[in-house]
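The primary structure of each chain is shown beneath.
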Amino acid sequence: MGTYRIRVCGELDALWRGRLEGMAVTVDHYESHTVTTISGQQIDHEALERVLETLRDLHLPLVSVERLEP
């Protein structure tokens, strides 16, 4: 189990939030771009992989994946 913070370029549509294993989603708008941050605890590595696969399928460029302190 771990707590993760994932950042992607672009805005994640609210309809997709249900496929993110219960993780929180925040969207930040900057002058020239938008960054979506997805954060929360994952029970196992497979759940994290499902989140990353969803983001890949949506063609959202990955900025970072961080494992935070538990």
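Look a little higher up for the structure.
Each chain has its residues counted from 1, running along the sequence as written. Only residues with pLDDT of at least 70 are given local features in this predicted model, and only at 80 or more are side-chain atom pairs given and counted; all residues enter the totals for whole chains, interfaces and linings. With hydrogens and water excluded, all non-hydrogen atoms of the structure serve as input to the side-chain values.

Caption draft 1: Layout of the sheet that holds strand 1 (residues 2-9). Here we have four strands laid out as an open sheet, ordered 2-3-1-4, and antiparallel in their pairing. Each having just a single partner strand, strand 2 (24-29) and strand 4 (62-68) make up the two edges of the open sheet. Mean inter-strand twist for the sheet, computed between neighbouring axes without regard to direction, equals 15 degrees. In terms of strand pairing, strand 2 meets strand 3 (residues 34-42) through six bridges, oriented antiparallel. If you follow V27 over to strand 3, its bridge partner there is T36. By the convention used here, residues are in contact when the closest approach between their heavy atoms is within 4.5 Å. An axis is simply a line fitted to the C-alpha atoms; with a helix, the fit covers only the stretch in contact. Between two such axes, the angle follows the N-to-C directions and lies from 0 to 180 degrees. Per the convention used, a helix needs a DSSP run of H or I reaching at least four residues, while a strand needs a run of E reaching at least two, with both numbered from the N terminus. Sitting on the sheet, helix 1 (residues 45-57) touches strand 1, strand 3 and strand 4, and the angle it makes with strand 1 is about 5 degrees. Here, any two strands with at least 2 DSSP bridges between them count as paired.

Caption draft 2: Here's a closer look at helix 1. The length a helix should cover is 1.5 Å for every residue beyond the first. In this model, helix 1 (13 residues) spans 18 Å end to end at C-alpha, consistent with the 18 Å of a helix rising 1.5 Å per residue. Here the term buried applies to any residue with accessible area under 20% of the maximum for its type, exposed to any over 50%, and partly exposed to those in between, with areas from a 1.4 Å probe on protein chains only. Residues of helix 1 that are buried: A47, L48, V51, T54 and L55. Along the axis of helix 1, the buried residues cluster in a sector spanning 120 degrees; they form a single face. Of the residues in helix 1, the exposed ones pointing more than 90 degrees away from the buried face are H45, E46 and R56. On its buried face, helix 1 is in contact with strand 1 and strand 3. Between a side-chain oxygen at the N-terminus of helix 1 and the backbone nitrogen of E46 the separation is 3.2 Å; the capping residue is D44. Taking the helix axis as origin, the arc is that swept by the directions to the C-beta atoms. Distance and chemistry together define a polar contact, namely a pair of N or O atoms within 3.5 Å, with one atom able to donate a hydrogen and the other to accept it when in protein, and with adjacent residues in sequence counting only for side-chain atoms on both sides.

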